[in-house]
Amino acid sequence: MSRALRRALLGWCGLGLLPLEAGAALPTGTWDFQVLLDGKPIGEHRFQVEGGNGELTVRSNARFDVKLLFIPAYRYRHSATERWRGDCLVQMDARTDDNGTLHQVQMSDGPQGPTVTADGKTEKLGACPMSFAYWTPKILQQQRLLNAQTGEYQAVQIRSLGESTITVRGVPVRAAHWRIEGPEQPLDLWYSPSGEWLQLESSVSDGKRLRYQLKPR
């Protein structure tokens, strides 16, 4: 397993579409993705967003297994629970097993403001932080995002790439294409005209392509 591919895996865990306006309700639901590397399935990632009245709970669980010539080469497990109040992340508890290397990230919004502790190191965050919450197009308005795998509060640049056609559950769909730059490898996101998250892709330096593809209902 190359270092570039490992970094790409850790970077996770058009149509006139604009980010949701301030005050608009955050979406709820379940997103079940099959994860592919160069078109070959390597695992799955589920996002569950529940709640109402301005309070949300988000649960994220990922399992990847990469094999080379049928021999296990890389194992990745990630789970996170987030609490949201309005547009603001107020609590996070995330654990990652990166091929045997364990990481823990905890975030809370206390009397001194939001802070994050990653592998025992604590730092302050800006007001009303947001994680890499792909499930809401409000992510497209952000300048910094909190990485649940590493605890890094990353500066990002986000831009529209217009429209493109992708296949969603076997059907061609025109979607709004956005790119997040700032992580070592840019992340491409696609959203429906109503703002539903449809797909994620990222390249790695050795030319491989990682894709999140929605499972059939």
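The structure this text deals with has already been given above.
Along the chain, Arg-77 turns up in strand S4 (residues 71-85). For Arg-77, a relative accessible area of 15% corresponds to the buried category. Engagement of the side chain of Arg-77 in a polar contact is seen with the backbone oxygen of Phe-64, the distance being 3.1 Å. Polar contacts involving the side chain of Arg-77 include one to the side chain of Asp-65, which spans 3.1 Å. Leave out the neighbours within four places in its chain, and Arg-77 touches Ala-62, Arg-63, Phe-64, Asp-65, Arg-95, Thr-96 and Asp-97.

This part is about the pairing of strand S15 (residues 209-214). Of the two faces of S15, the one lined by Leu-210, Tyr-212 and Leu-214 is fully buried and the one lined by Arg-209, Arg-211 and Gln-213 carries no buried residue. As paired elements, strand S14 (residues 197-203) and S15 share five bridges and run antiparallel to each other. Within S15, the position partnered with Leu-200 by the bridge is Tyr-212.

Let us now look at the environment of Thr-81. Among the structural elements, Thr-81 can be located in strand S4. The sequence separation of Thr-81 and Val-58 amounts to 23 residues, and the corresponding C-alpha distance is 5.7 Å. If sequence neighbours within four positions are ignored, Thr-81 has contacts with Thr-57, Val-58, Arg-59, Gln-91, Met-92 and Asp-93.

As judged from the ten bridges shared by strand S11 (residues 157-168) and strand S12 (residues 171-181), these two strands associate in the antiparallel manner. Each bridged residue has a counterpart across the sheet, and for Gln-157 the counterpart in S12 is Glu-181. Connecting S11 to the antiparallel partner S12 that follows it, the hairpin turn spans two residues, and Arg-169 within it adopts a positive phi of roughly 55°.

Turning to the packing of aromatic side chains, a few remarks are in order. Enumeration according to the criterion identifies eight aromatic pairs in this entry. Relative to Trp-197, the ring of Phe-33 has its centre 4.4 Å away and its plane inclined at 45°; by these criteria the two rings are tilted. Placement of Phe-33 in strand S1 (residues 29-37) and of Trp-197 in strand S14 is noted, with a sequence separation of 164 residues between them. Of the residues examined, Phe-33 reaches a relative accessible area of 0% and is grouped as buried. On the basis of relative accessible area, Trp-197 is assigned to the buried category, the value being 0%. Taken together, the ring pairs connect Phe-33, Phe-47, Phe-132, Tyr-134, Trp-197 and Tyr-212 into an aromatic cluster.

Applying the stated rule across the entire model yields 13 salt bridges. Note that Asp-87 is salt-bridged to Lys-138, the shortest N-O span being 2.7 Å. With a gap of 51 residues between them, Asp-87 in the loop between S4 and strand S5 (88-98) and Lys-138 in the loop between strand S8 (121-124) and strand S9 (144-146) connect regions that are remote in the sequence. The class of Asp-87 is partly exposed, set by a relative accessible area of 28%.

To continue, consider the state of the cysteines. One pass over the full model with this rule turns up one disulfide. The disulfide that involves Cys-88 links it to Cys-128, with 2.0 Å between the sulfurs. The sign of the -95° torsion about the S-S bond sets the Cys-88-Cys-128 disulfide as left-handed. Of this pair, Cys-88 sits in strand S5 while Cys-128 is found in the loop between S8 and S9, placing the two residues 40 residues apart along the sequence. For Cys-88, a relative accessible area of 21% puts it in the partly exposed group. A relative accessible area of 35% means that Cys-128 is categorised as partly exposed.

What counts, and at which threshold
Per-chain numbering applies: the sequence of each chain, read as written, is numbered from 1 onward. Given that the model is predicted, a residue must reach a pLDDT of at least 70 before its local features are reported, and side-chain atom pairs must reach 80 or more before they are shown or counted; all residues, however, enter totals for whole chains, interfaces and linings. The basis for every side-chain value is the complete set of non-hydrogen atoms in the structure, without hydrogens or water. Secondary structure follows DSSP: runs of H or I at least 4 residues long count as helices, runs of E at least 2 residues long count as strands, and numbering of each begins at the N terminus. Using a 1.4 Å probe on the protein chains alone, a residue whose accessible area is under 20% of its type maximum counts as buried, one over 50% counts as exposed, and one in between counts as partly exposed. Here a polar contact means two N or O atoms within 3.5 Å. Within protein one must be a hydrogen donor candidate and the other an acceptor candidate, and residues neighboring in sequence count only if both atoms are side-chain atoms. Contacts: residue pairs with any heavy atoms within 4.5 Å of one another. Each pair of strands is called paired provided DSSP finds at least two bridges between the two strands. Paired rings are identified among Phe, Tyr and Trp, the last through its six-membered ring, by centres lying within 6.5 Å, and are further divided according to the angle between planes into stacked (under 30 degrees), edge-to-face (over 60) and tilted (the rest). When a carboxyl oxygen of Asp or Glu is within 4 Å of a side-chain nitrogen of Lys or Arg, the pair counts as a salt bridge. In plain terms, two cysteine sulfur atoms within 2.5 Å form what is called a disulfide here.

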